[in-house]
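Observations on the three-dimensional arrangement
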Amino acid sequence: MTMKTYVKSLRCVECGREYKIDPIYVCEFCFGPLEVTYDYERIKLDMTRQKVESRPHNMWRYRELLPIDGDPVTGFDTGYTPLMNARNLARAWGVKEIYLKDDSVNHPTLSFKDRVVAVAVTKAKEFGFDTVACASTGNLANSVAAQSARAGMKRFIFTPADLELSKTINSLVYHPNLVTVDGNYDEVNRLCSEVANKYHWAFVNINIRPFYGEGSKSLGFEIAEQLGWKTPHNIVVPNASGSLMTKIWKSFKELEKLGLVPTVKTKVFAAQATGCNPITTAIKDDSDVIKPVKPRTIAKSLAIGNPADGYYAAKVTKDTGGYGEDSTDQEIVDAMKLLAETEGVFAETAGGVTVSAAKKLVQSGRISKDETLVICITGNGLKTTEAVVDHLQRPTPIRPNMEAFEELLKKLQ
Ligand SMILES: *Cc1c(COP(=O)(O)O)cnc(C)c1O
Ligand SMILES: [Zn+2]
């Protein structure tokens, strides 16, 4: 498929100044973040529900609203992950309808980050870069490593040194230049900003960030389509930098603007770990100021103490009538087990954060039990087994005979 682009410009979110499409990310005048704008009038003529539905089951079915000029270069079927009707969880919590948007099975690296990287790597190639780079809490590293390998690009990946073993292996196997840093994500990110100034590389979440962020919208488009072209009453989203949540909101508003869904009345709720909760704290304090924190949580993928989009994320929850909630390490583990036992979904720690937060929001009445709730599961539990290994009861082996088995059976019953 060769496509025409509907992208108009980059625009400063704060002062509205426009820039042409380039690998830039802050406004020269006010230092506000830049955002991709589209020609919605033309998209309205070309993008219909029918046309979208006729396309392959991946994120590119919404290509009019994604900021690439040509064909995607990564060649994976990223996106169009399941929206599961979670009847057991709904019954347990007394909620009318709960759906899990399950990006733990996303392609190729089992997290929502495959969406943002699919756009960023394609855009990097369109800009003429030969090297892709990122600062990551783990999942982004995995996805950049895999997708830039397949796109035939050089890759530099920066992460904190203390990541989960499985996240490290899931980067290393693609043979990138992996730079592990003695420090937390915020320190890694600061280093990367300096590296990005000096080297002509495509840092997917620094100089390519405006395009990267657009990839997250596909998650929102899919939820709306999978619900029969409508948006849910409530959605709970895990927050690291806050980007995903703001982009899900943007995706709903774009579909509304194009007449593809009815008026959006969705309340958007933020979930964070108690050990790293700068965004949910601002929401609970009804404050405009995001106070940076030093992360201490098992939810390492969400451990960003100074979130780039925190202000905008908190604003989305406020503007939509949503709220924020956070979860302790113990609550995260309990929720990971609950999700696995009730719905057969093994989510990573971020999923535990989100499920636990959703539960609290239902219990406190912030989320009505008579409405539809979507919970975003953004990563796979096989990458964070450390979190649960000591909380599961492992069986004692038995001798290989019937007598031993039946002895055990008596104890199990
Ligand atoms: C990166 C990530 C998020 C959210 O990231 P944002 O920076 O807020 O866009 C959520 N869940 C998982 C598992 C992640 O890796
Ligand atoms: Zn500006």
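Residues numbered from 1 in each chain as written. Chains lettered and ligands numbered in written order. Predicted model: local features only at pLDDT ≥ 70, side-chain atom pairs only at ≥ 80, totals over all residues. Heavy atoms only, no water.

Examined at the domain level, the protein breaks down into domain 1 (7-76 + 113-212) and domain 2 (83-109 + 216-391). Once you take the C-alpha centre of each, domain 1 and domain 2 turn out to be 21 Å apart. With 41 residues of domain 1 at the interface, the matching set in domain 2 holds 43 residues. For the pair domain 1 and domain 2, the summed buried surface comes to about 3,700 Å²; carbon and sulfur atoms form 50% of the total. Taken as a group, Arg-49, Tyr-62 and Arg-115 account for 19% of the area that domain 1 buries against domain 2, more than any other trio of residues on that side. (Domains from an automatic or database assignment. Contact = heavy atoms within 4.5 Å. Buried area = accessible area lost by both parts, 1.4 Å probe.)

In this section: the pattern of salt bridges. Following the criterion strictly, the structure yields 25 salt bridges and no others. Among the ionic pairs, Glu-126 bridges to Lys-123, the shortest N-O distance being 2.9 Å. A residue pair is termed a helical-turn pair when its members lie 3 or 4 positions apart in one helix, as Glu-126 and Lys-123 do in helix H4 (residues 113-127) at 3 residues. The exposure class assigned to Lys-123 is buried, which follows from its relative accessible area of 2%. Across the salt bridge formed by Asp-130 and Lys-154, the nearest N and O atoms sit 3.5 Å from each other. Of this pair, Asp-130 sits in the loop between H4 and strand S6 (131-135) while Lys-154 sits in strand S7 (residues 154-160), and the two are 24 residues apart along the sequence. (Salt bridge = Lys/Arg side-chain N within 4 Å of Asp/Glu carboxyl O. Helix = DSSP H or I, 4+ residues; strand = E, 2+ residues; numbered from the N terminus. Buried < 20%, exposed > 50% of the residue type's maximum accessible area, 1.4 Å probe, protein only.)

Another point: the sheet that holds strand S3 (residues 34-38). Taking strand neighbours across the sheet as the criterion, the 3 strands line up as S2-S1-S3 in an open arrangement whose pairing is antiparallel. Pairing within the sheet leaves two strands with one partner each, and these edge strands are strand S2 (18-19) and S3. Note that strand S1 (residues 7-12) and S2 share 2 bridges and pair antiparallel. Paired with Arg-11 across the strands is Glu-18, a residue of S2. (Pairing = 2+ DSSP bridges.)

Coordination of the zinc ion (ligand 2) by the protein involves Cys-12 (SG), Cys-15 (SG), Cys-27 (SG) and Cys-30 (SG), with metal-donor separations of 2.2 to 2.3 Å. Donor residues binding the zinc ion (ligand 2) come from one chain and are separated in sequence as C-x2-C-x11-C-x2-C. Taken together, the residues Cys-12 in strand S1 and Cys-30 in the loop between S2 and S3 connect sequence positions 18 residues apart. In this structure Cys-12 comes out as buried when scored by relative accessible area, which is 2%. (Donors = N, O, S within 2.8 Å, 3.2 Å for Na, K, Ca; no water.)

This part is about the site of ligand 1. Around ligand 1, 15 residues are found, and the nearest of them are Lys-113, Ala-240, Ser-241, Leu-244 and Thr-378. Separating an oxygen atom of ligand 1 from a side-chain N or O atom of Asn-139 is a distance of 2.9 Å. By residue class, the composition of the shell around ligand 1 is 6 nonpolar, 7 polar and 2 charged. (Near = heavy atom within 4 Å. Polar contact = N/O pair within 3.5 Å; in protein donor to acceptor, adjacent residues only side chain to side chain. Nonpolar A, V, L, I, M, F, W, Y, C, P; charged D, E, K, R; others polar.)

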